[in-house]
Amino acid sequence: MSDPTTNKTLVTEFIDALFTRGDLDAVDRYLAPGFVNHDPFPGFAPDREGLRQTAQVFRQGFPDWHSQLEALIAEGDLVTERFTARGTHQGEIMGVPPTGREVVLAGINIFRVQDGKLVERWGRTDDLGLLQQLGIVPAIAS
């Protein structure tokens, strides 16, 4: 049986390495070869390489991208992470040239751990909010 405390450490180390520090090799260290991303970012494969490419695209668009952990809950082999990520739009992303503005993305991830590796991910992020901040989708006036 998985140790929830160890699993939480694994998830936080992975998120910090890949998304905050931009260490693309973290994919090889933390994700099992058969890793499945059940909710990949649109246009990316649901596997390790797709997640690596997603991180690379975000780091190119937002070189200072970092993820702030808001909550971390573990039970058995599952770890749920609620986060708020931020970065300054300094490079092209999704066809949008740099604006110099800070972008904020909130989300939730659920990871399944097996034999010390992440084997599955389910997640939801505020994609609409991201598209609105980038100017791809108009914001609704309040």
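Criteria and thresholds
- Residues numbered from 1 in each chain as written.
- Predicted model: local features only at pLDDT ≥ 70, side-chain atom pairs only at ≥ 80, totals over all residues.
- Heavy atoms only, no water.
- Helix = DSSP H or I, 4+ residues; strand = E, 2+ residues; numbered from the N terminus.
- Rg over C-alpha atoms; globule rule 2.2 N^0.38 Å.
- Buried < 20%, exposed > 50% of the residue type's maximum accessible area, 1.4 Å probe, protein only.
- Areas by Shrake-Rupley, 256 points an atom, 1.4 Å probe, with all protein chains shown as cover.
- Lys, Arg positive; Asp, Glu negative; His and termini not counted.
- Charge placed at Lys NZ, Arg CZ, Asp CG, Glu CD.
- Expected span 1.5 Å × (residues − 1).
- Pairing = 2+ DSSP bridges.
- Axes fitted to C-alpha atoms, helices over the stretch in contact; angles between N-to-C directions.
- Salt bridge = Lys/Arg side-chain N within 4 Å of Asp/Glu carboxyl O.

Caption draft 1: Layout of the overall build of the protein. Scanning the protein for helices and strands turns up four helices and five strands. Starting at the N terminus and ending at the C terminus, the protein contains elements arranged as α-α-β-α-β-β-β-β-α. In summary, the protein has a C-alpha radius of gyration of 15 Å against a globular reference of 14 Å for 142 residues, a match within 12%. Based on the C-alpha atoms only, the size of the protein along its principal axes is roughly 50 × 30 × 25 Å. Looking at the 142 residues of the protein, the share that counts as buried comes to 37%. Accessible surface computed for the protein: about 7,500 Å², of which carbon and sulfur atoms make up 54%. Counting 13 positive and 20 negative side-chain charges, the protein places the averaged centre of each group 2 Å from the other.

Caption draft 2: Representation of helix α1 (residues 4-20) within the structure. Compared with an ideal rise of 1.5 Å per residue, which puts 17 residues at 24 Å, α1 spans 23 Å between its outermost C-alpha atoms and is within 8% of the ideal. Residues of α1 that are buried: Asn-7, Leu-10, Val-11, Phe-14, Ile-15, Ala-17, Leu-18 and Phe-19. Count one or two residues on from α1 and you reach Gly-22, which has phi positive near 75 degrees.

Caption draft 3: Local environment of the sheet that holds strand β5 (residues 117-125). The five strands are arranged β1-β5-β4-β3-β2 in an open sheet whose pairing can be described as mixed. The strands lining the two open edges of the sheet, one partner per strand, are β1 (31-37) and β2 (66-75). Averaged over all adjacent pairs, the angle separating strand axes in this sheet is 25 degrees, with direction ignored. As judged from the eight bridges shared by strand β4 (residues 102-114) and β5, these two strands associate in the antiparallel manner. Bridge pairing in β5 links Arg-112 to Glu-120.

Caption draft 4: Quick peek at the pattern of salt bridges. Within this structure, the stated rule accounts for nine salt bridges. Salt-bridge contacts for Glu-102 lead to Arg-86; the nearest nitrogen and oxygen are separated by 3.8 Å. Pair noted here: Glu-102 is in strand β4 and Arg-86 is in strand β3 (residues 78-88), with a separation of 16 residues, a long-range link. Relative accessible area serves as the criterion here: at 30%, Arg-86 is assigned to the partly exposed category. Residues joined in a network through salt bridges with shared partners are Asp-28, Arg-48, Glu-49 and Arg-52.

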